[in-house]
Amino acid sequence: MERNGGERTSNVTVNGDQSHPDNRDLLPSSSSSSILRSTLFLDNAGQVILTLNSDGLSWELLDYPHNDKSTCLGISLVLQVATEIKFSDVYGLEFNNRGSIHVRKRFLGQDSSEMYRFTVHGVQKSQSQPCLWALTSYTFGHKDLQTCQIWIDQINASLNIDVGRPKNLLVFVNPMSGKGQGCRTWETVAPIFSRAKVETKVIVTKRQGQAFDVMASISHRELNSYNGVVAVGGDGFFNEILNGFLLSRHKAPLPPSPSHFSQYSGSKDSVLVHNPNEKIAETAHKNEDHSPLLDSVHTGFGLPINGTEDGPCNTEDQELEFSLLTERLRFGIIPAGSTDAIVMCTTGTRDPLTSALHIVLGKHVRLDLAQVVRWKMTATSDTEPCVRYVASFAGYGFYGDVITESEKYRWIGPRRYDYAGTKVFLMHRSYEAEVAYVETESEKTSPTIEKGHLLGRIKAALGPDKSERVICRMNCSVCNTKPVHALMRSPRSKPYSSPEHRWLKCKGNFLSVGAAVISNRNEKAPDGLVADAHLSDGFLHLLLVRDCPRASYLWHLTQLARKGGKPLNFEFVEHHKTPAFTFTSIGNESVWNLDGEPFVAHQLSAQVCRGLVSLFASGPEV
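On a predicted model such as this, the values are computed, not experimentally measured, just so you know.

Novice: Help me understand the overall build of the protein, please; the structure alone is not making it clear to me.
Specialist: A count of helical and extended segments in the protein gives 13 helices and 32 strands. Here the protein, with 622 residues, has 54% of them falling under the buried criterion. At a minimum sequence separation of 6, the contacts of the protein that also span at least 24 residues come to 73%. Surface summary for the protein: the accessible area is close to 28,000 Å², and the carbon and sulfur share equals 51%.

Novice: Would you take a moment to explain the environment of Glu327 for this structure?
Specialist: With respect to the helices, strands and loops of the structure, Glu327 is situated in helix H6 (residues 316-328). Expressed as a C-alpha distance, the spacing of Glu327 and Arg366, which sit 39 residues apart in the sequence, is 9.8 Å.

Novice: Whenever I open this one, the environment of Val360 confuses me. Can you help?
Specialist: Topologically, Val360 is positioned in helix H8 (residues 352-360). Its relative accessible area of 2% is what places Val360 among the buried residues. Apart from the residues lying within four places of it in its own chain, the contact partners of Val360 are Tyr91, Arg165, Pro166, Ile192, Phe193, Ala196 and Val198.

Novice: I'm lost on the nonpolar core in this one. Help?
Specialist: Note on soluble globular proteins: their nonpolar side chains tend to be buried together. Among the nonpolar cores identified, the biggest contains 46 residues, and Phe172, Met215, Phe238, Ile241, Phe245, Leu246 and Phe331 are the most heavily contacted of them. Among the elements that take part in this core, helix H5 (residues 235-246) stands out by supplying six residues, more than any other. Both domains that meet at this core, namely domain 2 (168-252 + 325-361) and domain 3 (368-442 + 471-479 + 497-612), each give it at least three residues. Beyond its immediate stretch of four places on either side in the chain, Phe238 contacts Ala231, Phe331, Ile333, Ile342, Ala391 and Leu615. Counting 33 residues, the second-largest nonpolar core is a separate cluster that includes Ala433, Ala515, Phe581 and Leu594.

Novice: It is not clear to me how helix H10 (residues 416-427) should be interpreted in this structure. Could you clarify?
Specialist: For an α-helix the count is 3.6 residues per turn, leaving residues at separations of three or four pointing the same way. Compared with an ideal rise of 1.5 Å per residue, which puts 12 residues at 16 Å, H10 spans 17 Å between its outermost C-alpha atoms and is within 8% of the ideal. Three or more residues of H10 are buried, namely Arg416, Ala420, Gly421, Val424 and Phe425. Around the axis of H10, the buried residues are gathered within 155 degrees of arc, so they sit on the same side. Contacts from the buried residues of H10 go to helix H9 (398-406) and helix H13 (550-560). Just past H10, the residue His428 takes up positive phi, approximately 50 degrees.

Novice: Mind showing me how you'd approach the packing of aromatic side chains here?
Specialist: The geometry of an aromatic ring pair comes down to the distance between the two centres and the angle between the two planes. The final tally for this structure, using the stated rule, is 19 aromatic pairs. Arranged with centres 5.3 Å apart and planes meeting at 40 degrees, the rings of Trp186 and Phe193 form a pair that is tilted. A relative accessible area of 11% places Trp186 in the buried class. Judged by relative accessible area, Phe193 falls into the buried class, the value being 1%. Taken together, Phe393, Phe398, Tyr399, Phe425 and Tyr553 form an aromatic cluster joined through their ring pairs. One Lys or Arg, Arg98, reaches over the ring of Tyr116 and ends 5.1 Å from the middle of that ring. Stacked on the ring of Phe539, the Lys or Arg Lys577 has its end atom at 5.0 Å from the ring centre.

Novice: How should the pattern of salt bridges be read in this particular structure?
Specialist: Charged atoms that come close allow side chains of opposite charge to pair. Summed over all chains, the structure comprises 16 salt bridges. The partner of Lys408 in a salt bridge is Glu405, with the nearest N and O atoms 3.3 Å apart. Between Lys563 and Asp527 there is a salt bridge whose closest N-O contact spans 3.3 Å. With Lys563 in the loop between H13 and strand S28 (573-578) and Asp527 in the loop between strand S26 (503-516) and strand S27 (540-546), this pair connects stretches of sequence that are 36 residues apart. Where salt bridges share partners, they join Asp55, Glu84 and Lys86 into one cluster.

Novice: Where do I start with the side chain of Ser590 in this structure?
Specialist: Position of Ser590 among the secondary structure elements: in the loop between strand S29 (580-586) and strand S30 (592-594). Taking the relative accessible area as the measure of exposure, Ser590 reaches 6% and is therefore buried. Within the structure, the side chain of Ser590 is placed 2.8 Å from the side chain of Asp401, a separation counted as a polar contact. Beyond its immediate chain neighbours, meaning those up to four positions away, Ser590 contacts Tyr396, Gly397, Gly400, Asp401 and Tyr431.

Novice: Any chance you could explain unusual backbone geometry here in plain terms?
Specialist: Trans is the prevailing form of peptide bonds, just as negative phi is the prevailing case for residues other than glycine. With a phi close to 50 degrees, His428 is a non-glycine residue in the positive phi region. The backbone phi angle of Asp595 is positive, close to 50 degrees, even though this residue is not glycine. Topologically, Asp595 is positioned in the loop between S30 and strand S31 (597-599). For Asp595, a relative accessible area of 5% corresponds to the buried category.

Novice: Explanation requested: the confidence of the model for the protein in the structure shown.
Specialist: Note: predicted coordinates in regions of low pLDDT should not be interpreted at a detailed level. Residue-level pLDDT values for the protein average 81, and 75% of them are 70 or greater. In the predicted structure, residues 1-9 sits below a pLDDT of 50 and forms 16 contacts with residues beyond four places in sequence or in another chain. Note that pLDDT drops below 50 for residues 262-269; the model gives that stretch 19 contacts with residues more than four away or on any other chain.

Novice: What's the story with the packing of H10 against H13 in this structure? I'm lost.
Specialist: Between two packed helices, what matters for the description is the angle formed by their axes and the separation of those axes. For the pair H10 and H13, the least separation of the axes is 10 Å and the interaxial angle reads 150 degrees. Facing Phe425, Leu426 and Met427 of H10, the residues of H13 in contact are Arg550, Tyr553, Leu554 and Leu557.

Novice: How should the packing of H9 against H10 be read in this particular structure?
Specialist: Close contact between H9 and H10 brings their axes to 8 Å; oriented N to C, the two are set at 125 degrees. Taken together, H9 and H10 sit at an angle that is classed as oblique. Crossing geometry of H9 relative to H10 is assigned as right-handed. For the pair formed by H9 and H10, the contact residues are Phe398, Asp401, Val402, Ile403, Glu405 and Ser406 on the first element and Arg416, Tyr417, Ala420, Gly421, Lys423, Val424 and Phe425 on the second.

Novice: Help me out: how do you make sense of the pairing of strand S6 (residues 46-52) in this one?
Specialist: In summary, the side chains of a regular strand alternate between the two faces of the sheet. Where burial is concerned, most of S6 is hidden: seven out of the seven residues are buried. Sheet topology places strand S5 (residues 36-42) next to S6; seven bridges connect them, and they run antiparallel. Pairing of Leu42 across the sheet is with Gly46, part of S6. Counted along the chain from S5 to the antiparallel partner S6, the turn is three residues long, and its residue Asn44 has a positive phi close to 65 degrees. Alignment of S6 against strand S7 (residues 56-61), held across five bridges, turns out to be antiparallel. Bridge pairing links Val48 to Leu61 in S7.

Cut-off values and rules
- Residues numbered from 1 in each chain as written.
- Predicted model: local features only at pLDDT ≥ 70, side-chain atom pairs only at ≥ 80, totals over all residues.
- Heavy atoms only, no water.
- Helix = DSSP H or I, 4+ residues; strand = E, 2+ residues; numbered from the N terminus.
- Buried < 20%, exposed > 50% of the residue type's maximum accessible area, 1.4 Å probe, protein only.
- Contact = heavy atoms within 4.5 Å.
- Areas by Shrake-Rupley, 256 points an atom, 1.4 Å probe, with all protein chains shown as cover.
- Core = buried A, V, L, I, M, F, W, Y, C linked by side-chain atoms within 4.5 Å.
- Domains from an automatic or database assignment.
- Expected span 1.5 Å × (residues − 1).
- Arc of directions from axis to C-beta.
- Phe/Tyr/Trp six-rings, centres within 6.5 Å; stacked < 30°, edge-to-face > 60°.
- Lys NZ or Arg CZ within 6 Å of the ring centre and 35° of its normal.
- Salt bridge = Lys/Arg side-chain N within 4 Å of Asp/Glu carboxyl O.
- Polar contact = N/O pair within 3.5 Å; in protein donor to acceptor, adjacent residues only side chain to side chain.
- pLDDT = per-residue confidence, 0-100.
- Axes fitted to C-alpha atoms, helices over the stretch in contact; angles between N-to-C directions.
- Parallel < 35°, antiparallel > 145°, perpendicular 65-115°, else oblique.
- Left-handed = near helix turned anticlockwise from the far one by under 90°.
- Pairing = 2+ DSSP bridges.

Following this line, the structure appears as C-alpha cells:
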C-alpha cells in the first residue's frame, strides 16, 4: 500500500494476526514457530522480511534471492550479510528514534532514507577462535513508529524470559592491576553494561584490602540487591574479593592439621592414619589481634574464624542462608592483571570484551575453591588457625620465592615476574618438607611414575596419550559428575577423617610444592600447570618437584612454556590428584603464593570445596 506521499509501508503479523492498523498485504508465516513477521529495512543492506521466532531473529533480503549468482569480472555481486541471530547471543536492544538507514544497491552505490530505527546488539563468535567474542549489531528501520515499537516490545519480552541475566551488579575496579590499566579497561567495557540495561555500582579501590573490607562488611540485605560481584583486575584482586565474601559467611569444618596424624608405617612414602583422640590447642577467638585470620603484613585482613577443627560453629539456618546466597550471587572477572589465569580457564581467552559479554548474557559455571588453613606461622609459634580461599593455585618454594622477590620490583610492572623468576631459578633453592595427601582411586590405579624402573622412565618420556586426557570444556561431563570422595562424609562431619580415607605421606627436599585448583592456563604456559585439570570436579592437583640438577629443572620449566609440553613427565616430578593435603616445612622456609599473594605458613593444610561459587562464564569452547 502507499501512504504519506507515496512512501511504502508494510504490515505486521503477530502470531498469525495482522496487528498493523491497515489490514492489507498480510505476510504469510512459513513456520508455525514464527511469533512476529514483517518487512523492514536493514541498515547497510536493504529491504528484508524480518521474522521473530521463539529462539531468535531471522531475516531474508528481498532484493537478493538465494539463487542469484550474479558476477562481474569474476566478483560476486550478491551482498554477503548475516541472516539470523539467536536471543542467547543478544545482549541489548535500543530505540534510535528517527535517522538514516543506508540501502546498498545491486551494483555500486547506496541510498539512504529517513525512518524510525532500532538496533539489536549481540555477540559474534570467531570461526577460527570460538572463545573470542566480538560485538555485532543490526539496525532495522521502518517509516512507521508503531511498527518499530511492536518489534521492540516483542524482542524485549523474548529477552526477559532469560531470568539468569543480571540486572544489578557491584563492580570493583583495581586501578593498579597489571600495567595500571584497570580504570581504562572498565571504561572500554562499561558501554556493554549500559546497552544491556545492567545497573552497576562501581567502586574504584584506593588501597590494598579495600575490596576485602567492603565485601566482609556489606550487609546481607544489600548483597541480596545485587545479582553479582565483578572484579576488574587480576587473579590476586579477585582472590581479595572472594575472601572478603567467604571468610565472614562460609561456615565449614576445617581440614585436618598435620599434627592430627600418627605414623602407620616407617617407609619413605608412608601410610598415615588419623588419630581422633589427638587434639590441637583450642582456637583462641578472644584476642584477634594476636590471631589474625590473614597475614596483616601482606593483606591487612582480619576476621573471626568461621569454622573449627570439630565442625562448623553456625546454625543450620546460616548454612541454608549461605547456600541460597551462593546460588543466586555470581562472580565475574574482567581481566586487567598480569596473567589472568582464572579468566583464561573459564572463558578460554584473556579478552575484556569477551568477559563482559559473558557477564551481561548471564553465563554460568561452578568453580572449585581450595580452603587453605595455616596452623602455624613459624615452627615456634602457637597453633592458631588462619583461613584463606584460593581459586587458582597455591605454591611453595620456587613459586613463593618468585612472588616475594617480585614485590621488590613492583614499579617494573608485569615484567617483574620474568626478572624475579630468572633470579630465583639461578638461586636454585630447595626446601625440606613433609607432605601428606588423601589417596584417590586414580592414585591407586595410575601411580605417578614407577621410579627407578626402565619402564617407568620410558612411560615418563612418552607421557599420556592425548586421547586419554579429558580437557575441561563448556558443559563438561567431568564437572557435572559427583566425585566418589564427596559421598563418604556428611557436610557437618570432620573432613577426611573416616577410615575410608587413606592418607599417604612423602618427605624430602623440594624445589616447589604446588596445588592447582584449575589448569592455570596463561600466555606463558598455554596448557597450564595441569592440562586436564577441571573447573569443578572436586579435586586438587598436588605437584611435588623434588630437588634435581638445575638443567633438569630448566627442562621442566621449558615444557611448561610449550604448547603440548609434558612438564609432569619427569622422575623428579610427582603429580597426585587429591581432595586434601597437609604440609609441614622442615629447616629453612619459603613462603606460600596464594593466587599471587604471599602467605607465610610453617604448617598448613588444604581441602577442595567443590563448586563453592558460581562464575559468569561458560567454560572454554572447543
